[in-house]
Amino acid sequence: MITDQCSAVAGTLIGCSGCMIAIEALASSGGSSMHLMTFSTFLAITLEGLIRHSEYLKVRHIPYRVYVEVVTIFFIVSIANYQVVNFEVPFPLLIIFRSGTLLANVILTRLLQNRILLMIASLFGSAYMGLVQEKIYFKYGKHPDEMMFHTHFLSLPLFAFVGESIVADAVKYSNSPNFSVGFISLPIPTQWVNLALVIVMQLCCIRFVYRLSSQMNSLNLTMVLTLRKCLNLVLSFLLFKNTFTSTHFAASLMVFVGSFQFYEGFTKLFLQLRQSRVPNAKKEE
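Residues numbered from 1 in each chain as written. Predicted model: local features only at pLDDT ≥ 70, side-chain atom pairs only at ≥ 80, totals over all residues. Heavy atoms only, no water.

Under the annotation held in an unreviewed UniProt entry, the protein carries the name UAA transporter family domain-containing protein and is attributed to Ditylenchus destructor. Here is the UniProt Sequence similarities (unreviewed entry) comment for the protein, exactly as written: "Belongs to the nucleotide-sugar transporter family. SLC35B subfamily." (UniProt positions renumbered as here; feature names shortened; annotations may be inferred.)

Enquirer: With reference to specific residues and values, describe the overall build of the protein.
Expert: Of the regular secondary structure elements, the protein holds 12 helices and 2 strands. When the helices and strands of the protein are listed from N to C terminus, the series reads α-α-α-α-α-α-α-α-β-β-α-α-α-α. Counting all 285 residues of the protein, 41% fall into the buried class. Counting contacts in the protein only where the partners sit at least 6 residues apart, residues at least 24 apart contribute 76% of the total. Accessible surface, the protein: about 16,500 Å² in total, of which carbon and sulfur atoms supply 67%. (Helix = DSSP H or I, 4+ residues; strand = E, 2+ residues; numbered from the N terminus. Buried < 20%, exposed > 50% of the residue type's maximum accessible area, 1.4 Å probe, protein only. Contact = heavy atoms within 4.5 Å. Areas by Shrake-Rupley, 256 points an atom, 1.4 Å probe, with all protein chains shown as cover.)

Enquirer: Residue-level account of the packing of helix 2 (residues 34–52) against helix 7 (residues 144–153), with values.
Expert: Geometrically, a packed helix pair is captured by the angle between its two axes and the distance between the axes. At a minimum axis separation of 8 Å, helix 2 and helix 7 run at an interaxial angle of 130°. Classed by the angle they form, the pair helix 2 and helix 7 counts as oblique. Here the hand of the crossing between helix 2 and helix 7 comes out left-handed. The residues of helix 7 that touch helix 2, namely those facing Phe42, Ile45, Thr46, Gly49 and Leu50, are Met148, Phe149, Thr151, His152 and Phe153. Across the contact of helix 2 with helix 7, the residue classes tally to 6 nonpolar, 4 polar and no charged. (Axes fitted to C-alpha atoms, helices over the stretch in contact; angles between N-to-C directions. Parallel < 35°, antiparallel > 145°, perpendicular 65-115°, else oblique. Left-handed = near helix turned anticlockwise from the far one by under 90°. Nonpolar A, V, L, I, M, F, W, Y, C, P; charged D, E, K, R; others polar.)

Enquirer: Could you give an account of the UniProt feature "transmembrane region" (unreviewed entry) in the protein, naming the residues involved and the relevant values?
Expert: Per the UniProt annotation, the sites labelled "transmembrane region" (unreviewed entry) are residues 7–27, 33–52, 64–85, 116–133, 153–171 and 192–210. Across residues 153–171, the secondary structure splits into 53% helix and 0% strand, with the terminal C-alpha atoms separated by 24 Å.

Enquirer: Break down a nonpolar patch on the surface for me, with residues and values.
Expert: Nonpolar side chains collect at one region of the surface, where Val181, Ile184, Leu186 and Ile188 lie side by side and expose about 340 Å² of accessible area between them. As for its position among the elements, Leu186 is in strand 2 (residues 184–189). Accessibility expressed as a relative area gives 34% for Leu186, which makes it partly exposed. (Patch = residues over 30% accessible without salt bridge, like charges linked within 9 Å, V, L, I, M, F, W, Y side chains within 5 Å. Salt bridge = Lys/Arg side-chain N within 4 Å of Asp/Glu carboxyl O.)

Enquirer: Describe in detail the state of the cysteines, supporting the description with residues and values.
Expert: With the rule as written, the count across this model stands at 1 disulfide. Between Cys16 and Cys205 runs a disulfide, and the two sulfur atoms are separated by 1.9 Å. Given an S-S torsion of about 85°, the disulfide between Cys16 and Cys205 has right-handed geometry. With Cys16 in helix 1 (residues 2–28) and Cys205 in helix 9 (residues 190–213), this residue pair connects regions lying 189 residues apart in the sequence. Overall, the relative accessible area of 14% leaves Cys205 in the buried class. Residue Cys19 stays outside any disulfide, its sulfur separated by 6.1 Å from that of Cys205, the closest cysteine. The thiol sulfur of Cys204 is not disulfide-bonded, and the nearest other cysteine sulfur, from Cys205, lies at 7.4 Å. (Disulfide = S-S within 2.5 Å.)

Below, the structure written as structure tokens:
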């Protein structure tokens, strides 16, 4: 059990942090083609779902008509989240924003002179999508793997609206220099290799987070995810030479403390400490 938890924690930290590093590296190299990246991720998750759960196409617990609303919101939110990178929002700010509670994000947006309204819209969209999913689970039962597959699968036709951008990005990726390792050059464009790395890391991150949530309580899970966000920030500053001012530090501290408290982390921590003291006090008596 302990070994499984350790592997899940390591997989979450490595997979999710590696995913953010890969995305930032891709954006830094001029390959911030977010429509292509979003489409590729959706396609990869769909193909993986078909391989692992092909029965979802025949046997469904949730009717297709129910997915209309959640698929529409999910597609818009996903496009908005990735599109932010094209607007040259710094990755440290993006990490801080996605890590915070709604109040912290509103304050942060105000301090930044309302330059990231798209992120606010995606934040509200994500919150509303959560409510819709909760209603679906309540009515049809909890089937997260099935919903994950169908929300990605049914979203694929919607990419026709950004089809020209995807094709243009694919051509640009294909014209990038060949990928090389040392003195060996492979006949594969570098940007396609980078994109493949992003997709693999995303799949790894999602899978390990789901595994972790089934193996430990919410407090420990929150601590691991908060650690992952802190690690993302540190790696972003170190690897990509992003500036880190006292304002960034203060905003980061506020967001992480607020996020921890949002999940009642301090309350649960104090309760655990109090409960651990009771047996010790009885032993002393």
